[in-house]
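# A closer look at the structure
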Amino acid sequence: MDNFLTSADLKKIPSLQPDVVVVGSGIAALSTAIELAQKKNVLIITKSSAVNTATAKAQGGIAAAIDEVNATSHLDDTLLAGGGLCDSKMVRIMVDEGIEFVNKLIENGVAFDKNDKKIAFTLEGGHSERRVLHAEGDATGKVIHKSLIEEIYKNPKIQLLEEHFEIDLLYHEDVCYGVLCLDCKYGRLLRIDSQAVVVATGGIGQIYRETTNPEIATGDGVAMCFRAGAMLSDMEFVQFHPTTLYLAGAPRFLISEAVRGEGAHLLSLDNKRFMVEQHPLAELAPRDIVSKSIINIMHETNTSHVLLDLRHMDKALIQKRFPTISALCLEYGVDITKNPIPVRPAAHYMMGGVKTGEYGETNIKRLYACGEVACTGVHGANRLASNSLLEGLVFGKRAAKHILENLSSDVGYFPLNEIKRKEFSRATPLDITDILLSLRALCWRDIGIYRDECQLNDAEKNITFWEQYVLREEFSSREGFELQNQLTVAKIIARSALIRKESRGAHQRIDYPDTDDKKWKTHILLSRKDFHD
Ligand SMILES: Cc1cc2nc3c(=O)[nH]c(=O)nc-3n(C[C@H](O)[C@H](O)[C@H](O)COP(=O)(O)OP(=O)(O)OC[C@H]3O[C@@H](n4cnc5c(N)ncnc54)[C@H](O)[C@@H]3O)c2cc1C
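Residues numbered from 1 in each chain as written. Predicted model: local features only at pLDDT ≥ 70, side-chain atom pairs only at ≥ 80, totals over all residues.

## Thoughts on the overall build of the chain
How we decide: Here a helix means four or more residues in a row that DSSP labels H or I, a strand means two or more in a row labelled E, and each is numbered from the N terminus. For the radius of gyration, the atoms used are the C-alpha atoms, and the globule rule reads 2.2 Å times the number of residues raised to 0.38. Residues are called buried when their C-beta atom has 20 or more other C-beta atoms within 10 Å, exposed when it has 12 or fewer, and partly exposed otherwise; all C-beta atoms are positioned from the backbone. Contact criterion: two residues are in contact if their C-beta atoms, reconstructed from the backbone, are within 7 Å.
Scanning the chain from N- to C-terminus turns up 15 helices and 25 strands. Computed over C-alpha atoms, the radius of gyration of the chain comes to 22 Å, within 12% of the 24 Å expected from 2.2 N^0.38 for 533 residues, which places it in the range of a compact globule. For the chain, the C-alpha atoms occupy an extent of roughly 65 × 50 × 50 Å along the three principal directions. Within the chain, buried positions represent 53% of all 533 residues. Partitioning the contacts of the chain with sequence separation of at least 6, the portion at a separation of at least 24 is 75%.

## Here we look at the site of the ligand
Put simply, the rule reads: As a rule, any residue with its backbone-derived C-beta atom within 6 Å of a molecule or strand is reported as near that molecule or strand. Each residue gets one of three labels, nonpolar for Ala, Val, Leu, Ile, Met, Phe, Trp, Tyr, Cys and Pro, charged for Asp, Glu, Lys and Arg, and polar for the others, Gly among them.
In the vicinity of the ligand, 43 residues are found, and the nearest of them are Gly24, Gly26, Gly60, Gly202 and Gly371. Contributing elements (two or more residues each) for the shell around the ligand: helix H1 (27-36), helix H4 (140-154), strand S10 (164-172), helix H5 (220-227) and helix H11 (388-406). Grouping the amino acids of the shell around the ligand by side-chain chemistry returns 15 nonpolar, 23 polar and five charged.

## What to know about the pairing of strand S4 (residues 42-45)
As a general feature of sheets, a regular strand has side chains that alternate between the two faces. Here is the rule: The criterion for strand pairing is that DSSP finds at least two bridges linking the strands in question. If the strands point away from the viewer and the path from the first strand over the helix to the second runs clockwise, then the crossover is right-handed.
The alternating pattern of S4 places Val42 and Ile44 on one face and Leu43 and Ile45 on the opposite face, and all of these are buried. Across four bridges, the pairing between strand S3 (residues 20-23) and S4 is parallel. Bridging from a neighbouring strand, valine 22 pairs with isoleucine 44 of S4. Handedness of the crossover is the feature at issue here: the chain leaves S3, passes through H1, returns alongside S4, and the resulting connection is right-handed.

## So, unusual backbone geometry
With phi around 55 degrees, glutamate 163 is a residue other than glycine that occupies positive phi space. The residue glutamate 163 is located in the loop between strand S9 (158-161) and S10 in this model. The exposure class assigned to glutamate 163 is partly exposed, which follows from the 16 C-beta atoms found within 10 Å. One non-glycine residue, alanine 282, lies in positive phi territory at about 45 degrees. With respect to the secondary-structure elements, alanine 282 resides in the loop between helix H7 (275-278) and helix H8 (287-301).

## A short note on the nonpolar core
Where a protein is soluble and globular, its nonpolar side chains tend to be buried together. Spelled out, the test is: As used throughout, a nonpolar core is a set of buried Ala, Val, Leu, Ile, Met, Phe, Trp, Tyr and Cys residues joined through C-beta atoms within 7 Å of each other.
If you look at the biggest cluster of nonpolar residues, it comprises 151 residues, and the most contacted ones within it are Val22, Leu169, Val198, Cys225, Val354 and Ala490. For this core, the leading source of residues is helix H14 (residues 478-499), giving ten residues.

## Brief notes about the sheet that holds strand S12 (residues 188-193)
Read from one edge of the open sheet, four strands run S2-S12-S11-S10, paired in mixed fashion. Here the strands that pair on one side only, and so sit at the sheet edges, are strand S2 (15-16) and S10. Bridge analysis of S10 against strand S11 (residues 175-183) gives eight bridges, and the strand direction is antiparallel. Residue pairing in the sheet places aspartate 168 in a bridge with leucine 180 of S11.

## Considerations on the sheet that holds strand S14 (residues 232-233)
What counts here: Axis geometry follows a simple rule: fit a line to the C-alpha atoms, using only the stretch in contact for helices, then measure angles between N-to-C directions, giving values from 0 to 180 degrees.
With mixed pairing, four strands are arranged side by side in an open sheet as S21-S19-S14-S25. Taken across any chain shown, the strands that pair with only one partner, and hence form the sheet edges, are strand S21 (374-375) and strand S25 (525-526). When S14 meets S25, the two strands line up antiparallel, connected through two bridges. Following the sheet pairing, serine 233 is matched in S25 by leucine 525. Together, S14 and strand S19 (353-355) form the strand contacts of H5, whose direction differs from that of S19 by roughly 45 degrees.

## Some points on the packing of H1 against H11
Stated formally: Each crossing is labelled by how the near helix is turned from the far one, with a counterclockwise turn of less than a right angle marking it left-handed and a clockwise turn marking it right-handed.
Where H1 contacts H11, the two axes come as close as 7 Å, and the packing angle between them is 35 degrees. You can see that H1 and H11 cross each other, and the crossing is right-handed. Here H1 contributes Ile27, Ala28, Ser31, Thr32, Glu35 and Leu36 to the contact with H11, which in turn contributes Leu389, Gly392, Leu393, Phe395, Gly396, Lys397, Ala399, Ala400, Lys401, Ile403 and Leu404. Class assignment for the residues of the contact of H1 with H11 results in ten nonpolar, four polar and three charged.

## Considerations on the domain arrangement of the chain
Definition in use: Where each domain starts and ends follows an automatic or database-derived domain assignment.
Once the domains are mapped, the chain shows domain 1 (13-237 + 351-406), domain 2 (243-346) and domain 3 (426-511). For domain 1 versus domain 2, the distance between C-alpha centres works out to 28 Å. Contacts between domain 1 and domain 2 engage 19 residues on the former and 22 residues on the latter.

## Digging into the environment of glycine 353
Residue position: glycine 353 is located in strand S19. Discounting residues that sit within four places of it in the chain, glycine 353 has contacts with Val222, Leu232, Ala369, Glu372, Val373, Ala374 and Cys375.

## A look at helix H13 (residues 453-470)
The line we're drawing: Helix span is expected to be 1.5 Å times the residue number reduced by one.
Its 18 residues place the ends of H13 25 Å apart at the C-alpha level, agreeing with the 26 Å of an ideal helix rising 1.5 Å per residue. Here the buried face of H13 lies against helix H12 (432-446), strand S23 (450-451) and H14.

In structure tokens:
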């Protein structure tokens, strides 16, 4: 594997020199940028429009121990859902500091829904009490994102460049000194030199055929940090959301866990409420358990989906709490007050990622990661619902704090060499879409909810084969680079899943169905040197 995805003469391409560059425009990136702008000039680059993020799609809400909600039980529920692999110190930080930052969102005008002037908390899977704040019913992410982006636009110390795709990090030995990006509108390369780089590029869901994630979730941040030598952790843990809309031709739209929190039932196609027999919390069991149960029922009954039934619930409550879900389902002929919703699981969230410390710092100096791209250790083997917006908010602020307190403007020596990839040419063009569809089908089949040694070996072998010719190619388009990144991410997930010979949280091995605390209550750490390329 080359160190960089493109050749470039770094001296000759145009450049920008902000104090800090933040990559991404989701909750993690925007929180970091706002904090940094107290003292630094910040450049945000994002590969699509600023609103095209998982953050803006978040429905259920944000968990926080504000008002009378108990912080210790939030911590306990998070640890329990994480299957023994959460870092309790990091969870404590998230839960405690989250209180201040969620209150700040409220001060800044985020209008969380209320009942009689009090915050209307909802319940989700794995939560032992109502602690999830939501806004405009099921549009929490959109409301939070709008508030943050308005702050960004008002702040003269922050510049935001949309349609700028980060291709690679620029680094020398183990120090990061900027990024190389593609200005997608004009198709030209741009170098950004900075005192620190914050990668907040979100998740990896697009490697799977079935996913709730937006099209931007192609794992670019994980792949570029990996190429630069960053340590990755827990990459075998991918969360599958139990309930996404399953209708031919409709998007795999998420049907929020809060729908079950407000009382909806899961039914098999022969109308049995199967979760009651599976777990004491029935439909509100942790996500990994509900997803597995749905897949088992689908196999047993030889069906492609199950049903989410709201028919017994109050119609006014449904309309008030879930206006977005109601409207979307209605577009496809499903009136959720009258018809059960066809649903099945889909890839939703990456627990693993770039390994970071308490302040988002990585093993590469001046390189930080936060949000879904990072592995802080707060989610362990399975994320508790509505903890990821909170994580992005808290650890974004902490990364900024570390940069403000520790980094001087003296970045030291960095080379502006010519980056040269090995020459390669082909007579026939590569069909990006064809490989992508094959990769997505393979990931869904072989590194999906259930895994075994044979499938995982097969996955790694196939991906390595595709890599041989796809990674050699020198693309000049976002789609080409994204394909290369997705192959890299898929291979790392397959390798991590092969190594972990047990079942825990979101990682389920058919050939090792038990949890083995003696051997595997530990993290799988991988970096580039673990792969011979
Ligand atoms: C449908 C859905 C519903 C969800 N509901 C909830 C919920 O209710 N509560 C909750 O806590 N969590 C929820 N989640 C999870 C949560 O939304 C995400 O984990 C979180 O928003 C991630 O935030 P982020 O800032 O890390 O990344 P994102 O919000 O995904 O932002 C990533 C940003 O990085 C940019 N980017 C990516 N690659 C590059 C590149 N190469 N160059 C430049 N820019 C790049 C993207 O364009 C984007 O701006 C949900 C997720 C989905 C998909």
